[in-house]
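# Overview (structure and organization)
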Amino acid sequence: MALEDAKKQVDTAFTRKGLTGLAFENAFAGATSFLRRTYSKDLTGVDLAITGVPFDQAVTHRSGARFGPRAIREASALQPFDPPYGWPTNPLEEMAIVDYGDLAFDYAHTPSFPGLLKAHIGGILAAGAGTVTLGGDHFITLPILRAYAEKYGPMAVIHFDAHSDLWADDDMERIDHGTFFYKGVKSGVIDPAASVQIGIRTHCEDYLGVEYIDARTVHERGVAHAVARAKAIVGDRPVYVTFDIDCLDPSVAPGTGTPVWGGLHSWQAAAALRDLAGINMVGGDVVEVSPAYDTSGATAIAGAHVAHELICLYHWAKVHR
């Protein structure tokens, strides 16, 4: 049926009837919403909203993550033909998912950005949907977590990254992608005792009580060890999963602003995300995809796969817990 369907499916981001189902239009053509989901600002009956945040004014090195949401959406066009590999369920068939589009903000008025993003996510949560966000640099996670904390209280966080993002910075108005976790802990948005960082391989002076599993530990002790520890730490708490693409080794994901050698391989990340099934995941993001530094498109492809796995984790939490 896929080839027959492809003959009549065009621009399903706008023409789809209903909010569920696989999509079979040609991967190399058409309007690229994430996984060919319907573009919509109507959240009636929606379980999960995919939204983009094309912001990269907080980077410390190479900019370009503002182009991440567009690149991730385009890369995802190869994925909506089949159920996700390794999962016994299919969220595209069983859950109402929309592409909510990108956050609107004034790129020349950075101070207003955090409040706009918090309100954007808060509005989605108030409508009863969860979010998977496509970044954007890693600062965006802080306003998102502020919105989540207003609904759920201090958040348990599973943080995949090469960097701890715990640089000390007590100026809460300052915007920096290397301080989002520090400010989240210090402001009570993140519960450090219920949070864990995976893939770390850069220096950190003080983890503020957050447990970390560095990349070498994942390599030497295995994905199963990391996942078991992460599950034990977050328990049944509502958990937010944030995935910085530089958690992956730059040999497989070079398109990012602050690459660090020795990172996770794609198979390790895929296994970890799938084996986290069972956590009470209420939202997540993938950030720091900077497509200009990767002519192959591999980094955006990795970002699209991460986002798809986050959708699966969210669906599993809603259906099977």
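Scroll up a little and you will see the structure.
## Points about empty space enclosed by the protein
For the structure on display, the rule yields 1 cavity of 30 Å³ or more. In this structure, the largest cavity encloses a volume near 30 Å³. If you trace the largest cavity, you find it lined by Phe160, Ile198, Val218, Val223, Ala226, Leu264, Gln268 and Ala272. Broken down by secondary-structure element, the contributors of at least two residues to the lining of the largest cavity are helix H9 (223-234) and helix H10 (266-275).

## Things to note about the sheet that holds strand S3 (residues 97-102)
Taking strand neighbours across the sheet as the criterion, the 9 strands line up as S1-S3-S2-S4-S9-S8-S5-S6-S7 in an open arrangement whose pairing is parallel. The sheet is open, and its two edges are formed by strand S1 (38-39) and strand S7 (211-214), each paired on a single side. Pairing of strand S8 (residues 238-244) with strand S9 (residues 280-287) involves 7 bridges; the strand directions are parallel. When the sheet's bridge partners are listed, Pro238 is paired in S9 with Asn280.

## Some remarks on the pairing of S3
In regular strands, side chains alternate between the two faces of the sheet. Counting buried positions over the 6 residues of S3 gives 5, a clear majority of the element. In the sheet, S1 pairs with S3 via 2 bridges, with the strands oriented parallel. Within S3, the position partnered with Thr38 by the bridge is Val98. Sheet topology note: the strand S2 (residues 48-53)/S3 ladder contains 4 bridges and is parallel. The residue bridging Leu48 from the neighbouring strand is Ile97, located in S3.

## With respect to helix H5 (residues 113-126)
Across its 14 residues, H5 extends 20 Å between first and last C-alpha, which sits within 8% of the 20 Å expected from 1.5 Å per residue. Among the residues of H5, Phe113, Pro114, Leu117, His120, Ile121, Ile124 and Leu125 are the ones counted as buried. The buried residues of H5 occupy one face: seen down the axis, they fall within an arc of 135 degrees. Opposite the packed face of H5, turned more than 90 degrees from it, sit the exposed residues Ala119 and Ala126. Of the surrounding secondary structure, the elements contacted by the buried residues of H5 are S2, S3, strand S4 (130-135) and helix H6 (141-152). One or two residues past the end of H5 sits Gly128, with phi positive at roughly 95 degrees.

## What about the pattern of salt bridges?
Enumeration over the complete set of coordinates arrives at 12 salt bridges. When the shortest N-O distance is used, the salt bridge between Lys118 and Glu150 registers 2.5 Å. In this pair, Lys118 is assigned in helix H5 and Glu150 in helix H6, connecting sequence segments 32 residues apart. Take Lys118: its relative accessible area is 27%, and that puts it in the partly exposed class. With a closest N to O distance of 3.0 Å, Asp176 and Arg174 form a salt bridge. The structure contains a network of salt bridges with shared partners spanning Asp169, Arg174, Asp176 and Lys183.

What counts, and at which threshold
Residues numbered from 1 in each chain as written. Predicted model: local features only at pLDDT ≥ 70, side-chain atom pairs only at ≥ 80, totals over all residues. Heavy atoms only, no water. 1 Å grid on protein atoms, 1.4 Å probe; cavity = no way out; pocket = protein on both sides within 12 Å on 5 of 7 lines; lining within 4 Å. Points joined across faces, edges and corners; volume = space filled by probe spheres on them. Helix = DSSP H or I, 4+ residues; strand = E, 2+ residues; numbered from the N terminus. Pairing = 2+ DSSP bridges. Buried < 20%, exposed > 50% of the residue type's maximum accessible area, 1.4 Å probe, protein only. Expected span 1.5 Å × (residues − 1). Arc of directions from axis to C-beta. Contact = heavy atoms within 4.5 Å. Salt bridge = Lys/Arg side-chain N within 4 Å of Asp/Glu carboxyl O.

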